[in-house]
Amino acid sequence: MAGLQDTFSDFSQRRFLIIDDFHGMQRMLRDMLRECGATRIDSAGSSQDAIKLLSSSKYDVVLCDFNLGPGKNGQQLLEEAKFRQWVGPACAWIMITAEKSLETVMGALEYLPDSYLIKPLTTALLQNRLTKIWARKRTFIDINNALGKKDYSRAIALCDQQMATDRLNAPELQRLKYQFLLAIGELAEARQLLEAVLAERDQPWAKVGLGRVLFMQGDYVAARDLLQQVINENRANIEAYDWLAKTLQQLEELEAAEQVLQRAVQLSPNSPQRQKDLGELALKLGNLDAAEKAFRKSMAVGEHSIMKTADAYVGLARVCSNKQQPEEALKTLGSMQKHFDGEQITVRAKAMEGMVYLQNNQPAKAREAAKALDALLATSGAIPEGAAGLEAAELLLNTGNKESATELLHKLVMNNHEDRKLANQVGEIFDQAGMHEEGAQLVALSRQEALELMNAGALLAQAGKLEEAVESMRNAKKLLPSNLRVLLNFAQIAISCMKQQGANEALLNETRQTLQHARSLCSDDKRLNQIDNQLNELFPKP
Amino acid sequence: MEEKDSLPDMSFFLASSVHDMKNSLSLLSNRMEHFLGELTPDSFPGYEDLSQMLYETKRVNHNLIQLLALYKVGNHLYPFDPQPFLLNDFVHEMEAQCRPLLASRLIELETSCPDDLIWYFDEELVNGVIGQAINNASQYTRDRIRLSAAQVGDMLEIRVEDNGAGYPASMLQAIESEQRGISFGSGSTGLGLYFGRTVAAMHRNKGLHGRLRLENGGCYGGGCCILQLP
């Protein structure tokens, strides 16, 4: 244990922020910190005040009450602070709660505080806890640095290294290593690790993890049975509900999936994402009332959260449109544009607006919206991604702009030729417009074309014609600017070329930019990480 | 309208006001600990009364924590998630939590725990069980309490022992017959014991589950509260 003097200087040099809407608590925490030797202490009485301080100063420790009155709660504040990088991995965030409940401890893994403290607090307890967190931060500093650089292979190697000597932190290291393995798609190895953990001890996180791996490996029946077993053992394991619902959807057991999510939102209603997922499921099943309720709840709990999702607004607009309530649907789309920025949102709002008119017998207005949308797409030049692209194509297709729609979907599929879910969604859009055959053909052709473009480069590379291969992949990259596989293949071939012929400034820059672009499309991909590291080893950044 | 519609959902009000009470009690006991730390029995004539007030405040707080936790567990709302802990840290945290009260009652706390013992448990629940056991012991001990943790067979054993007169034989008997299902509602087994047993039973591993035992004897010959976790 650290000597008293060390602990004292630990406190005196660090900057503290206390966030509590109750002045009595604020004063008490301040007194406690002073007793431990702290001198640099700020406090905030509301989430708004806290945001001002967090965004303008760097704090080493944040003591935050979960309940902060109107506005954001402590968890939402933490999410925003981490998301906007006001606090980094070095900052110790302690959440203070009156009780441990599903509501207070729920949060996505990357947005968890370093510790929860449950009232009543004592000075000694606070001091012990902080000293422990600081020791832990020192232990994990290298792993955190590797993570910051997305260098998962290094993070995994560091975990292994640490595990060999550090028995105390071994359980946490195992859990981290599992997450890193999952992040880079090393499913077999993740499974092996989890099975070894479970052989030692029944641990809920490892069982859910195994369920996740089985899901990702496509073994849905085994995943379902395991996750169901976890829930039978502990009916409050929310993570298990989420993965079970996903698994049941894959098994086409939609009603069962809806029930599972209904149960999950009863237990933990504050996740905008989960409410939205439930809304989409209910909508698919035609349960319009249930869907409306879930989408509205997603919007309400997302009000103060960076986790809010525009999908809930689009979903609600769809529900209202189906219910023949066009005004309400249009109002929702207007509200979406107030809550979210960006081109994709403008496209989605316009596309849904047109669909609302179309479904509510106002074809002239629908055509008008389609025209505006077409113009919007032409001026922006960028291909709307994912949902925005599908929604735009849906309107275009249903308002007689078959050509624009087909072109848009063609690009969308080409850029994501391995995405089966997207291909299905494209198929559905054509089905609903009564053009099943054309849909199937379009998907097949787009995929084929993407594959041919890629193969051309690969064949040239195999034949040793590296410069021509680079040129061929460069061409593919122009045609398929957001196809991850194409971008990575380009980078791979460019690296081979430079390995053989030495570095070439222009190509090196182009490769770096390509990888950066790939990163913006998909932050965690095993191959992307590997190629990135390979490039940095061969040609270290200046 | 049916009559039940006009009745409020009492469990909701109870649960939400318990939070509120816990906040107030937390401030209250904190201030008392603060004063007790500044004062001495010689300098302040009400020192013993204040110490007794702290004990009662903590007792009420433990009861509220237990009620709330049992409410959540019963409604499947409790996020039960056993995590690995270094027992040494746990023992020291318990010690820090109880130090002001025990010091003001002139009770010596002895702790014993292997340096490298790690076990899996739900910290809040186990903290609730052991915190209450120490609080109780502070009322019935003569002047010593021992908190220890050790692995015994396949189980972790956390013991709170005192050098008081021990549990009355009638109480231990009542507990025993209740466990054998002979008599229910004898009144001698309160919330605390029920909570402790529930917490113990929730901890499971490889077919084993936890247990809570009360007995007399142990290191100091007084009462022993023993929590075993698989």
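The rules behind the values
Residues numbered from 1 in each chain as written. Chains lettered and ligands numbered in written order. Predicted model: local features only at pLDDT ≥ 70, side-chain atom pairs only at ≥ 80, totals over all residues. Heavy atoms only, no water. Helix = DSSP H or I, 4+ residues; strand = E, 2+ residues; numbered from the N terminus. Rg over C-alpha atoms; globule rule 2.2 N^0.38 Å. Buried < 20%, exposed > 50% of the residue type's maximum accessible area, 1.4 Å probe, protein only. Contact = heavy atoms within 4.5 Å. Areas by Shrake-Rupley, 256 points an atom, 1.4 Å probe, with all protein chains shown as cover. Pairing = 2+ DSSP bridges. Axes fitted to C-alpha atoms, helices over the stretch in contact; angles between N-to-C directions. UniProt positions renumbered as here; feature names shortened; annotations may be inferred. Salt bridge = Lys/Arg side-chain N within 4 Å of Asp/Glu carboxyl O. Buried area = accessible area lost by both parts, 1.4 Å probe. Polar contact = N/O pair within 3.5 Å; in protein donor to acceptor, adjacent residues only side chain to side chain. Patch = residues over 30% accessible without salt bridge, like charges linked within 9 Å, V, L, I, M, F, W, Y side chains within 5 Å. Parallel < 35°, antiparallel > 145°, perpendicular 65-115°, else oblique. Left-handed = near helix turned anticlockwise from the far one by under 90°. Nonpolar A, V, L, I, M, F, W, Y, C, P; charged D, E, K, R; others polar. Domains from an automatic or database assignment. Core = buried A, V, L, I, M, F, W, Y, C linked by side-chain atoms within 4.5 Å. Disulfide = S-S within 2.5 Å. Right-handed = clockwise from strand over helix to strand, strands pointing away.

Student: Account for the overall build of chain B, naming residues and giving values.
Tutor: Counting its regular elements, chain B contains seven helices and nine strands. The C-alpha atoms of chain B give a radius of gyration of 19 Å, which matches the 17 Å a tight globule of 230 residues would have. Within the span of chain B, comprising 230 residues, buried residues form 51% of the whole. In chain B, 71% of the contacts between residues at least 6 apart in sequence involve partners at least 24 apart. Approximately 11,200 Å² of chain B is accessible, and the part contributed by carbon and sulfur atoms is 54%.

Student: Tell me about the sheet that holds strand β5 (residues 155-162) of chain B, residues and numbers included.
Tutor: Residue and element names in this part refer to chain B. Read from one edge of the open sheet, five strands run β2-β4-β5-β9-β8, paired in mixed fashion. Each edge of the open sheet carries a strand with a single partner, namely β2 (108-112) and β8 (211-217). Taking each pair of neighbouring strands and ignoring which way they run, the sheet shows an average axis angle of 15°. By the bridge criterion, eight bridges tie strand β4 (residues 144-152) to β5 in an arrangement that is antiparallel. By the bridge assignment, L147 is partnered in β5 with V160. Here helix α5 (residues 123-140) sits on the sheet in contact with β4, β5, β8 and β9 (222-229), set at roughly 20° to β5. Along the sheet face, helix α7 (residues 191-202) touches β8 and β9 and points at about 130° away from the line of β8.

Student: I'd love a proper account of the sheet that holds strand β2 (residues 40-44) of chain A, names of residues and values included.
Tutor: Residues and elements named next belong to chain A. One open sheet holds the five strands; their spatial order is β2-β1-β3-β4-β5, and the pairing between them is parallel. Pairing within the sheet leaves two strands with one partner each, and these edge strands are β2 and β5 (115-118). Strand-to-strand twist across the sheet, computed as the mean angle between neighbouring axes with direction ignored, equals 20°. Strand direction decides the pairing type here: strand β3 (residues 61-65) and strand β4 (residues 92-97), joined by five bridges, are parallel. When the bridges of β4 are listed, C64 appears paired with M95.

Student: With reference to specific residues and values, describe the UniProt feature "repeat: TPR" (unreviewed entry) in chain A.
Tutor: All names here are of chain A. Under the present numbering, the feature "repeat: TPR" (unreviewed entry) in UniProt falls on residues 238-271 and 450-483. Secondary structure across residues 238-271 divides into 79% helix and 0% strand, with the first and last C-alpha atoms of the span separated by 11 Å. The span residues 450-483 carries 79% helix and 0% strand; its end-to-end C-alpha distance comes to 9 Å.

Student: Pulling in residues and values, what's your account of the pattern of salt bridges?
Tutor: All names here are of chain B. Under the definition given, this model contains 47 salt bridges over all chains. A salt bridge links R146 to E161; its shortest N-O distance comes to 3.5 Å. Note that R146 is positioned in strand β4 and E161 in strand β5, a separation of 15 residues in sequence. The exposure class of R146 is buried, given its relative accessible area of 14%. Salt bridges linked by common partners bring E108, E110, R144, R146, E157, R159 and E161 together as one network.

Student: Before we move on, can you summarise unusual backbone geometry with the specific residues and values?
Tutor: Positioned with a positive phi, E252 of chain A is a non-glycine residue whose angle comes to about 65°. Looking at where E252 of chain A falls in the secondary structure, it is placed in the loop between α13 (238-250) and α14 (254-267). Non-glycine residue H76 of chain B carries a positive phi angle of around 55°. You can see H76 of chain B is positioned in the loop between α3 (47-74) and β1 (83-86).

Student: Explain the interface of chain A and chain B residue by residue, including any values.
Tutor: Contact with chain A, which involves 41 residues of that partner, is made by 39 residues of chain B. Buried surface at the junction of chain A and chain B, both sides included, amounts to about 3,600 Å², of which 50% is carbon and sulfur. When the buried area of chain A at its contact with chain B is split by residue, E99, K100 and R201 of chain A rank highest and sum to 18% of it. At the boundary of chain A with chain B, the tally comes to six salt bridges. For the salt bridge of D89 of chain B with K132 of chain A, the shortest nitrogen-to-oxygen distance reads 3.9 Å. At the surface where chain A touches chain B, the tally comes to 11 residue pairs in polar contact (both at pLDDT 80 or more). Within the residue set of the side of chain A that touches chain B, elements represented by two or more residues are α2 (23-35), α5 (102-105), α6 (123-139), α9 (170-183), α10 (187-200) and α14 of chain A.

Student: Describe the side chain of H62 of chain B, and please don't skip the residues or the numbers.
Tutor: With respect to the secondary-structure elements, H62 of chain B resides in helix α3. Aside from chain neighbours lying at most four places away, what touches H62 of chain B is G128, G131, Q132 and N135 of chain B.

Student: Which residues make up a nonpolar patch on the surface, and what values go with them?
Tutor: On the surface, M10, F12, F13 and L14 of chain B cluster together into a nonpolar patch covering about 430 Å² of accessible area. With respect to the helices and strands, F13 of chain B occurs in helix α2 (residues 10-38).

Student: A description of the packing of α9 of chain A against α10 of chain A should follow, citing residues and the corresponding values.
Tutor: To describe two helices that pack against each other, one gives the angle between their axes and the distance between the axes. Residues and elements named next belong to chain A. Running from amino to carboxyl end, α9 crosses α10 at an angle of 160°, the nearest separation of the two axes being 8 Å. Comparing their axes, α10 and α9 come out roughly antiparallel. As α9 packs across α10, the resulting crossing turns out to be left-handed. The segment α9 lies against α10, with Q174, K177, Y178, L181 and L182 engaging L187, E189, A190, L193, L194 and V197. In the contact of α9 with α10, the residues fall into eight nonpolar, one polar and two charged.

Student: Please provide a residue-by-residue account of the domain arrangement of chain A, values included.
Tutor: When the parts of a complex come together, some accessible area is lost, and that lost area is often taken as the interface size. Under the domain assignment, chain A is made up of domain 1 (4-139) and domain 2 (464-538). Centre-to-centre separation of domain 1 of chain A and domain 2 of chain A, based on C-alpha positions: 43 Å.

Student: Quick rundown of the nonpolar core? Include the residues and the values.
Tutor: All names here are of chain A. Core analysis: the largest hydrophobic core is formed by 52 residues, its most contacted members being I143, F180 and L194. Setting aside residues up to four positions removed in sequence, F180 forms contacts with I143, L147, Y152, A155, I156 and C159. With 48 residues, the next largest nonpolar core counts L396, L397, L442 and V443 among its residues.

Student: Just give me the short version of the state of the cysteines, but keep the residues and values in it.
Tutor: All names here are of chain B. What the rule picks out here adds up to zero disulfides over all chains. C224 supplies the cysteine sulfur nearest to C219, a cysteine that is in no disulfide, at a spacing of 8.0 Å. On the basis of relative accessible area, C219 is assigned to the exposed category, the value being 51%.

Student: How would you sum up the pairing of β4 of chain A? Please name residues and give values.
Tutor: Residues and elements named next belong to chain A. Among the six residues that make up β4, six are buried, leaving the element largely enclosed by the rest of the structure. Alternating residues of β4 divide into A92, I94 and I96 and W93, M95 and T97, and every residue in both groups is buried. With respect to chirality, the unit in which β3 leads through helix α4 (residues 74-83) into the neighbouring parallel β4 is right-handed. Taken together, the four bridges between β4 and β5 define a ladder with parallel strand orientation. The residue bridging M95 from the neighbouring strand is Y116, located in β5.

Student: Give a detailed account of the environment of R99 of chain B, specifying residues and quantitative values.
Tutor: Within the element layout of this structure, R99 of chain B appears in helix α4 (residues 87-104). The spacing of R99 of chain B and L109 of chain B is 10 residues in sequence and 8.1 Å in space, taken between C-alpha atoms.

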